[in-house]
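Structural characterization, general
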Number of protein chains: 2
Amino acid sequence: MGEKIKRTHHCGSLTLENTGDDVVLAGWVQTRRDLGGLIFVDLRDRSGMVQVVFSPEYNRQAFEKASEIRSEFVLAVKGRVFKRPEENVNPKIPTGEIEVFADELEILNTAKTPPFPIEDDIKVDESLRLKYRYLDLRRPSMLHNMTFRHKVNKAIRDFLDENGFIEIETPMLTRSTPEGARDFLVPSRLNPGTFYALPQSPQLFKQILMVAGIERYYQITRCFRDEDLRADRQPEFTQLDIEMSFVDVDDVISLNERLIKYVVERTTGRTVEIPFRRITYGEAMEIYGSDKPDTRFGLEMVDVTDIALKTEFKVFSEAARSGGKVKGINIKNSAGLFSRRQIDELVEKAKEFGAKGLAWISLSSEGIKSPIAKFFAREVMEELLERMGAQPGDFLVFVADSDPRLVVTSMGQLRLHLGRHLNLIDKNALNFLWVVEFPLLEWDEEEQRYVAMHHPFTSPMDEDLDLLEEDPGRVRAKAYDLVLNGTELGGGSIRIHRTELQERMFKVLGFTQERAWNNFGFLLRAFEYGTPPHGGIAYGLDRMIMLLLGLNSIRDCIAFPKTQNAACLMTEAPAQVEPRQLKELHIQVTI
Amino acid sequence: MGEKIKRTHHCGSLTLENTGDDVVLAGWVQTRRDLGGLIFVDLRDRSGMVQVVFSPEYNRQAFEKASEIRSEFVLAVKGRVFKRPEENVNPKIPTGEIEVFADELEILNTAKTPPFPIEDDIKVDESLRLKYRYLDLRRPSMLHNMTFRHKVNKAIRDFLDENGFIEIETPMLTRSTPEGARDFLVPSRLNPGTFYALPQSPQLFKQILMVAGIERYYQITRCFRDEDLRADRQPEFTQLDIEMSFVDVDDVISLNERLIKYVVERTTGRTVEIPFRRITYGEAMEIYGSDKPDTRFGLEMVDVTDIALKTEFKVFSEAARSGGKVKGINIKNSAGLFSRRQIDELVEKAKEFGAKGLAWISLSSEGIKSPIAKFFAREVMEELLERMGAQPGDFLVFVADSDPRLVVTSMGQLRLHLGRHLNLIDKNALNFLWVVEFPLLEWDEEEQRYVAMHHPFTSPMDEDLDLLEEDPGRVRAKAYDLVLNGTELGGGSIRIHRTELQERMFKVLGFTQERAWNNFGFLLRAFEYGTPPHGGIAYGLDRMIMLLLGLNSIRDCIAFPKTQNAACLMTEAPAQVEPRQLKELHIQVTI
């Protein structure tokens, strides 16, 4: 049942240089057109498309058989490459200067009419695309996404291999750990009443591998989190996981800069400058109101709390006096853009983002327009404008609140809104940015204790070690996130490698010795046997590929993604199983 | 807490050429010896080992600190490389001509005394090794295994990338399919009462990818089978999965020969000749009594059924007359090896393997010695000896039975026994062999129906298509296994790509249309939309690496393997989970 004529060339590879060649092509029928007594078929394979001509003069038998051809039929065609007449050249496709006259046609398979056309820019419900994923993947853009993803994986592996990293596979059937997100569980048949957990990440195993002396480990691996799915989350996702021994923050960062440069340059042909800019978490929050700032545009936040103290404007002065903050953004040369109505809309936006209000100052060549101007002495207003770098034509906005965190987060969101709304974002930019010196801990209101911001094995910064017990909230971590265009690509840290520090950390987290050992016993035991200093990073690979491809949905770079309900529309997983299967696993369903 | 002095060199990389260099090393203490007022430390990292000398004359501070050093402590050492005095040269290690005199010592971490020494050829219970896997992995042989595995993976990926294969990740949370082994199940929280299954292989997805037009797919991926574990099985294992479109058996075989040659030559430095020998399943069974023959030694089986008809020896003649078989093996030049007692033992072995008995003929220069000789006319005996290629000094053994299958399988096992017992196996040989033309179907006594030998999507051979309904047991498949030294490395087939043939196949398997669609509906639907001819192969990668490394256990090439009870002794998975977790998953334990 295989083809009798064997493929010699790929459709998309034929050029004028092949003129006169006898070729055998194999692929799918994109279109068939009957025109002037000829049958034209656009034949498509992975490499692209080429026009095949069936002519009764050239080969009557092939021509007659060609009348059976429909869209998406699978063909093998033997023929000869001809230069197209000048008037028929199609500059839109790479093979547009030639066509293949068919000698022989073998219909390898028929096809039903697809539920949607196999081409890009189609308007079709995503659920239909997911159900017929095999047809969706035939579309050139999806094929490109899959191929690109392969190239990214390959580039990552090549770079890490050249740099002495060993790929090691860690288990998928592992142990449920109570910290972190919700686990997917797998009942054990051989050990009744017990369960494996699918890994949320290989974090513990990669640290174990450092204890084992592997020194440089990586893995591209599937991870699982049973969360309620947000728009761009998948229950299973792919992580690039890296860990190194005998390193500090700078070593990990510099290795990863070279990695990212290598991968992006090799897969996109674009140039990436390293080192990337680094800012601290504190700066990121103060300037951008976000721990993953989009630095493709300005609109930086300026602190004017000290000036606010000097005004009669109560919203400002009281915020400043009560330990709060007042911050402004100078939207350069945009005073003309903000009509009364648009200002009102902007104020509403700011409130949506959590601000109690939004003060504004519009500067034209005629002077200041602002409802708050009357509360400012002239020299205070001058100081304010100078601090804001304001010039005629600028439009300034301010948020004040007694809760300083609310000021930065609401303004951070307003900043993003403005960036998009005012079209300030360069879509072609790739702005990589390290955010460093994250807080080690954050206060959990619900649990009334500190929890680890990254995870409980993250090392505090040496400078802050003394604060660990006396002021835990101020301790900074040897942690770093890599941000691309305002999205977190990955994050990691230098880990704690000494038992005594790990024990102090657990104490601060409110863990008893017993609870720590119950939860992480095997790691703590391992740490006793000569653990090197180590650290690493993990990237969300799906998201990295999505960003590099400029996609809007993570599902478009995953071959068989799941819906928001964690279902696969093609295979209809998850599904009911046979009672026998559950019985063997010693479980029953309780609904 | 990071090291203050930064590693400049790796321990195992230092040679005479580094003499006089100032270096910083980091690693683990293999041994510490105090000798003649000096302290000698063998420092080990991933690259190897080097001797570090602490001398009170060279640097008193470092020397004094060195007294704290114990085995497996983690050190950073700054020092200078010196040529060793002639009498101290250690030719056993690559760095044996030099030593490093220490200026500065930083103890990066302490270590408890390991429960077993960190060296090869230790006698230690495997369960202890698995519990302290991080220490076990520090042993040079285990580190080598992990590194080798990485290299194999890398070589596979390089070759397949160069040959146009795209790595595509298929889902881990998928649907339970009723054919095949037992599935691991994962309860769905968001879809109460339903379950995902972990994939036994990406078989259906890779065929879907061919429908999707990917043409050349590969993946190195985890697969799961919830079987009662035999010695060398793991509940999760790694598969190299390959699928190609527009190919026939020869294309797949030749691509894979180039792949194997590339991988083995690149990772072992050995030479692999291609093409590999190919034999049919029928020949393999007739000559070796196995579908995965070990061809590193001879002892081929010879059919003498026709001659057996002519003797008075009832065991032979009746076996031959009743549709059975008589087969012999000529153990060359070994008559002297078989004493009466050893012959008795051999007969017992044959019975263990299922034979009813074992006839034998011993040839010496003085003539024939055999309990069955008297039943043979002289010319019949001569014909027998000639058929067997017998010469003085040879020892011949025969099995006869009315069940021909029992003859070949018992003799096949006897052959392996003899090969090992008589030391006929070249341990250094890499005998690759394709076994082709497997039967498509085999009769299942329990279910009283034919079942697919490979899987229900395997294509029959074109020549046998007409037999599919009239004599299903005789239909051969376009299936192939790659065998290395008597172990199956991988197997695959050309798949059925036309709906009508697939439907015939299901009919022969006794599936109603409804059952076929219930079980494989999404694949059958996909097949309707233009499926190209396609086929592929899957390799058990753990086993391949085990064989290439010459290991006895698959667990020695897996970083974190499970025991026969499917447990991880290091993490103590599987384990009980919190009632809250089960409640969220809508299940309860029934024991």
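This structure is a prediction, so every number in the text was calculated from the model and none was measured.

Here the focus is the interface of chain B and chain A. Between chain B and chain A, the residue contacts involve 133 residues of the former and 133 residues of the latter. Roughly 11,900 Å² is buried in total at the junction of chain B and chain A, and carbon and sulfur atoms are behind 57% of that figure. The interface formed by chain B and chain A holds 22 salt bridges in total. Put simply, Lys6 of chain A and Asp251 of chain B hold a salt bridge, and the shortest N to O gap is 2.3 Å. With 10 residues, the top contributor of residues to the side of chain B that touches chain A is helix H4 (residues 140-162) of chain B. Classifying every residue of the side of chain B that touches chain A gives 64 nonpolar, 31 polar and 38 charged. Pairing of strand E23 (residues 587-589) of chain A with strand E23 (residues 587-589) of chain B, which is carried by 3 bridges, proceeds in the antiparallel orientation. Bridged to Gln588 of chain A within E23 of chain B is Gln588 of chain B.

Residues and elements named next belong to chain B. Most of helix H16 (residues 541-549) is tucked away, with 7 of its 9 residues classed as buried. Turning to H16, its buried residues number three or more, namely Leu541, Asp542, Met544, Ile545, Met546, Leu548 and Leu549. Once H16 finishes, Gly550 follows within two positions and takes phi at roughly 70°, a positive value.

So, on to the UniProt feature "binding site: ATP" (unreviewed entry) in chain A. Mapped onto this numbering, the UniProt entry annotates "binding site: ATP" (unreviewed entry) at Arg225, Asp226, Glu227, Gln234, Glu488, Gly540, Leu541, Asp542 and Arg543 of chain A. Residue placement: Arg225 of chain A occurs in the loop between strand E9 (216-224) and strand E10 (236-245). With near-sequence residues (within four places) excluded, Arg225 of chain A lies in contact with Ala181, Arg182, Phe184, Gln200, Ser201, Pro235, Phe237 and Gln239 of chain A. Here Glu227 of chain A lies in the loop between E9 and E10. Residue Glu227 of chain A is classed as partly exposed on the basis of its relative accessible area of 22%. In this structure Glu227 of chain A touches Ala181, Arg182 and Arg233 of chain A together with Arg189 and Leu190 of chain B, once residues within four positions along its chain are discounted.

Residues Tyr134 and Val397 of chain A together with Tyr134 and Val397 of chain B are the most contacted members of the largest nonpolar core, which totals 184 residues. Among all residues touching Tyr134 of chain B, those that are not within four sequence positions of it are Ile208, Val211, Ala212, Phe522, Arg525, Ala526 and Tyr529 of chain A together with Met570 of chain B.

Attention now goes to the sheet that holds strand E5 (residues 98-109) of chain B. All names here are of chain B. Ordered by their spatial adjacency, 5 strands build a closed barrel running E1-E2-E3-E5-E4, and the pairing between neighbours is mixed. On average, each strand axis in the sheet is tilted by 55° relative to the strand beside it, whichever way the strands run. Pairing between strand E2 (residues 38-45) and strand E3 (residues 48-54): 7 bridges, direction antiparallel. Of the residues in E3, the one forming a bridge with Leu43 is Val50.

All names here are of chain B. Strand order in this open sheet of 5 strands is E12-E13-E16-E14-E15, and the pairing throughout is antiparallel. Taken across any chain shown, the strands that pair with only one partner, and hence form the sheet edges, are strand E12 (301-303) and strand E15 (367-369). Averaged over all adjacent pairs, the angle separating strand axes in this sheet is 25°, with direction ignored. With 7 bridges joining them, strand E13 (residues 325-331) and strand E16 (residues 395-401) adopt antiparallel strand pairing. The partner of Lys325 across the bridge, within E16, is Asp401. Across the face of the sheet, helix H11 (residues 378-387) comes into contact with E12, strand E14 (359-364), E15 and E16 while running at roughly 85° to E14.

Moving on: the pattern of salt bridges. According to the stated counting rule, one finds 115 salt bridges over all chains in the structure shown. Lys6 of chain A serves as the salt-bridge partner of Asp248 of chain B, at 3.7 Å between the closest nitrogen and oxygen. One end of the pair, Asp248 of chain B, is in the loop between strand E10 (236-245) and helix H6 (249-268); the other, Lys6 of chain A, is in the segment before strand E1 (22-35), on a second chain. We classify Lys6 of chain A as partly exposed; its relative accessible area is 32%. As a salt-bridge pair, Arg44 of chain A and Glu72 of chain A come within 2.9 Å of each other at their nearest N and O atoms. Here Arg44 of chain A, found in strand E2 (residues 38-45), pairs with Glu72 of chain A, found in the loop between helix H1 (60-66) and strand E4 (74-83); they are 28 residues apart in sequence, far enough to count as distant. With a relative accessible area of 8%, Arg44 of chain A lands in the buried category. Given the relative accessible area of 2%, Glu72 of chain A is considered buried. Residues joined by salt bridges that share partners form a network here, namely Asp120, Arg129, Arg133, Asp136, Arg139 and Asp556 of chain A.

All names here are of chain B. Relative to the helices and strands, Ser334 is located in the loop between E13 and helix H10 (340-352). Only 2.7 Å separates the side chain of Ser334 from the backbone oxygen of Ile331, close enough to count as a polar contact. Sequence-distant contacts of Ser334, defined by excluding residues within four places in its chain, comprise Gly393, Asp394 and Phe395.

This part is about unusual backbone geometry. The bulk of non-glycine residues show a negative phi, and the bulk of peptide bonds are trans. Pro275 of chain B follows Ile274 of chain B through a cis peptide bond whose omega is 0°. Going from Ala573 of chain B to Pro574 of chain B, the amide bond is cis rather than trans, its omega being -5°. Among the secondary structure elements, Pro574 of chain B is positioned in the loop between H16 and helix H17 (579-584). Positive phi outside glycine occurs at Asn333 of chain A, with the angle close to 50°.

Quick notes on the rules
- Residues numbered from 1 in each chain as written.
- Chains lettered and ligands numbered in written order.
- Predicted model: local features only at pLDDT ≥ 70, side-chain atom pairs only at ≥ 80, totals over all residues.
- Heavy atoms only, no water.
- Contact = heavy atoms within 4.5 Å.
- Buried area = accessible area lost by both parts, 1.4 Å probe.
- Salt bridge = Lys/Arg side-chain N within 4 Å of Asp/Glu carboxyl O.
- Helix = DSSP H or I, 4+ residues; strand = E, 2+ residues; numbered from the N terminus.
- Nonpolar A, V, L, I, M, F, W, Y, C, P; charged D, E, K, R; others polar.
- Pairing = 2+ DSSP bridges.
- Buried < 20%, exposed > 50% of the residue type's maximum accessible area, 1.4 Å probe, protein only.
- UniProt positions renumbered as here; feature names shortened; annotations may be inferred.
- Core = buried A, V, L, I, M, F, W, Y, C linked by side-chain atoms within 4.5 Å.
- Axes fitted to C-alpha atoms, helices over the stretch in contact; angles between N-to-C directions.
- Polar contact = N/O pair within 3.5 Å; in protein donor to acceptor, adjacent residues only side chain to side chain.

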